[in-house]
Amino acid sequence: MRNLCLILGDQLNIDSALFDDFDPEADAVWMAEVDHETTHVPCHKQRVTFFLSAMRHFRDGQRAEGREVIYHELTADRRKDRGKTFGDVLRKTIKSEKPARVRVVEPGDERVRTEIASVCDDAGVELDVLRDTHFYCSIEEFRDWAGGKKVLILETFYRMMRKREGVLMADAKNPVDDRWNFDEDNRETFGKTGPDEEIKGPMSFSADDVTQGVLDLVEDRWGDHPGSLDKFALPVTRGDARKMLRYFIKTALPRFGTYEDAMWTGEAFVYHSRLSALLNIKLLNPRECVAAAIEAYEKRHATIANVEGFVRQLIGWREFIRGVYWLKMPEYAERNALAANRQMPSFFWDGETDMACVKHAMSHVIDHGYTHHIERLMVLGNLAMMYGADPYAFHEWHMAMYVDAIDWVSLPNTLGMSQYGDGGVVGTKPYCSTGKYVDRMSNYCKGCRYKPGKAVGDDACPFTTLYWDFLARNETKLKGNNRMALQLKNVVRKREKGELGEIRDQADTLRLSWAATPSAW
Ligand code: SF4
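Residues numbered from 1 in each chain as written. Predicted model: local features only at pLDDT ≥ 70, side-chain atom pairs only at ≥ 80, totals over all residues. Heavy atoms only, no water.

## Let's talk about the packing of aromatic side chains
Working step 1: Per the counting criterion, the structure on display carries 25 aromatic pairs.
Working step 2: Arranged with centres 5.1 Å apart and planes meeting at 90 degrees, the rings of phenylalanine 135 and tryptophan 408 form a pair that is edge-to-face. Placement of phenylalanine 135 in the loop between strand E5 (126-130) and helix H5 (139-146) and of tryptophan 408 in helix H17 (residues 407-418) is noted, with a sequence separation of 273 residues between them. Tryptophan 408 carries the same exposure label as phenylalanine 135, and that label is buried.
Working step 3: Summarising the aromatic geometry, the rings of phenylalanine 394 and tryptophan 397 are spaced 5.2 Å apart at their centres and angled 35 degrees between planes, so their arrangement reads as tilted. With phenylalanine 394 and tryptophan 397 both in helix H16 (residues 391-401) and three residues apart, this pair spans about one turn of that helix. Grouping residues by exposure puts phenylalanine 394 and tryptophan 397 together as buried.
Working step 4: An aromatic cluster is defined as three or more aromatic residues linked by ring pairs; in this entry it consists of Phe347, Phe348, Tyr387, Phe394, Trp397, Tyr402 and Trp514.
Working step 5: It is arginine 179 that lies over the ring of phenylalanine 182; its NZ or CZ is 4.2 Å from the centre.
Working step 6: Across the ring face of tyrosine 136, the terminal group of arginine 287 is positioned such that the distance to the ring centre comes to 4.7 Å. (Phe/Tyr/Trp six-rings, centres within 6.5 Å; stacked < 30°, edge-to-face > 60°. Helix = DSSP H or I, 4+ residues; strand = E, 2+ residues; numbered from the N terminus. Buried < 20%, exposed > 50% of the residue type's maximum accessible area, 1.4 Å probe, protein only. Lys NZ or Arg CZ within 6 Å of the ring centre and 35° of its normal.)

## Considering the packing of helix H2 (residues 45-64) against helix H7 (residues 209-222)
Working step 1: One can describe the packing of H2 onto H7 by two numbers: an axis separation of 9 Å at closest approach and a directional angle of 140 degrees. Comparing the axis directions of H2 and H7 gives the class oblique. As H2 packs across H7, the resulting crossing turns out to be right-handed. Taken together, the residues of H7 that come into contact with H2 (itself represented by Lys45, Val48, Thr49, Leu52, Ser53, Arg56, His57 and Asp60) are Val210, Thr211, Val214, Leu215, Leu217, Val218, Glu219 and Trp222.
Working step 2: Looking at the contact of H2 with H7, its residues break down into eight nonpolar, four polar and four charged. (Axes fitted to C-alpha atoms, helices over the stretch in contact; angles between N-to-C directions. Parallel < 35°, antiparallel > 145°, perpendicular 65-115°, else oblique. Left-handed = near helix turned anticlockwise from the far one by under 90°. Contact = heavy atoms within 4.5 Å. Nonpolar A, V, L, I, M, F, W, Y, C, P; charged D, E, K, R; others polar.)

## Brief notes about the environment of valine 425
Working step 1: With respect to the helices and strands, the residue valine 425 is situated in the loop between H17 and helix H18 (435-441).
Working step 2: Given the relative accessible area of 16%, valine 425 is considered buried.
Working step 3: Residues within four places of valine 425 in sequence aside, it is in contact with Leu152, Val324, Lys328, Tyr332 and Arg335.

## Things to note about the pairing of strand E2 (residues 27-32)
Working step 1: For E2, the tally of buried residues reaches six of six residues, placing the bulk of the element in the interior.
Working step 2: Neither face of E2 is left uncovered, since the one carrying Asp27, Val29 and Met31 and the one carrying Ala28, Trp30 and Ala32 both have all their residues buried.
Working step 3: As paired strands, strand E1 (residues 3-6) and E2 are joined by four bridges and run parallel to one another. Paired with cysteine 5 across the strands is valine 29, a residue of E2.
Working step 4: As defined by bridge partners, E2 adjoins strand E3 (residues 69-72) across four bridges and the pair is classed as parallel. Looking at the pairing, methionine 31 lines up with tyrosine 71 of E3. (Pairing = 2+ DSSP bridges.)

## Some remarks on H17
Working step 1: Of all 12 residues making up H17, 11 are buried, and the element is well covered by its neighbours.
Working step 2: Listed as buried for H17 are Asp407, Trp408, Val409, Ser410, Leu411, Pro412, Thr414, Leu415, Gly416, Met417 and Ser418.
Working step 3: Residues of H17 that are buried make contact with helix H4 (110-123), helix H10 (276-280), helix H12 (304-328), helix H15 (373-387) and H16.
Working step 4: Once H17 finishes, tyrosine 420 follows within two positions and takes phi at roughly 55 degrees, a positive value.

Scope: geometric values only; no functional claims are made or implied.
Written as structure tokens, this is what we have:
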């Protein structure tokens, strides 16, 4: 064998650089399902189903193209596993197939990259790591852009990328509609009465025989894992992923940006695309998503504010955090700027809580392995940070529970943006707020036993109690941050009025009660 071409579960890209000079006579594709990837953190059953089913469909597609695929498939019988980790299975394949070279596209997880390199090194086989052309910006290009900068500013990167790629540009220097960023226009709520139309939600797909086989396997083998399979409806092939993209552009993009931050009971998706999982395993390419959104703008199907909000996620934020991940790893994973060290409370796994907003958000996690970004950032992430969760534990929880989480995308978004563990590399301040934010952006507080404006007492909102306690606890660490000045001034005012002691006592009691409930995982 000339080349053993590894395709990992998040690399289901038909345009992969691996295929550029693939010789069916001399090369083989290698794919492996391994137990370790589902159990090193106890993965949500939908996450496992999504990855395994998409991998099996991709394998079948490759075989139909006439390529040999060496595929390690898991069954309900653990004794048939050829190893626990990628490394174990790869080592055995190298021994039996004796390839002259192993080829892989840049993995999206530093741990996996190191593991593959170590196996090849031990076996004395050449390893060829190819650039991941799925992304607009290579790891090296990002490093060049970041070089010499004291602070990495997303907006600067985003504008550079818009110009470089000629996306939504009036000419070489100026954006269409004379504005780079329409974030200010994208903060609408549903008011008191709720959405003025029925929200269709993303397209859903029923299980074919391959997916049904995986659903049965997951219940057999990982039936005690978190999450439910009842509402599994994700596409697992490229053809269906493209259908989902077209459906989003037609039905949801015109309102996506406008209601990007809004939450409402019973609406897990609002107008969000739910394309992140498909992008992150490479069934979709960001360029086709950007092109489809721009076409919608040019045909006046969607306004610039809605289209720009969507494009910014893809060409700006997604590329930016991948760049940060590879620029800062592996030390980035160790960062813990606020020295937070608590494990995740049990309701982050099972949704058993009397906080209505958390219960709603967790029902979306359990039913879909998904919440949209405001429920991630301002409900679950905000609460975990103010509680004092270890930022890496929060990342591990997120990796386990969300179908779209891959290390490169999860770590900077959770440890960095959401938990402020990186001390301000990807976010300029901690995203903390009282229950009043949730009250403004949703109708969740209406059905809650707590009062969003109260910090003490039996009906005090835990978000509000923990908010003041969080700021008081971290006052010294956050003092130098200008963006926190107003919030910290209010802490001083509360202290002067003698209100802080009681709040902090209530926060202590709350934390103790959450920590006392053992987590199922
Ligand atoms: Fe959440 Fe507090 Fe509102 Fe209840 S009152 S829904 S806990 S923000």
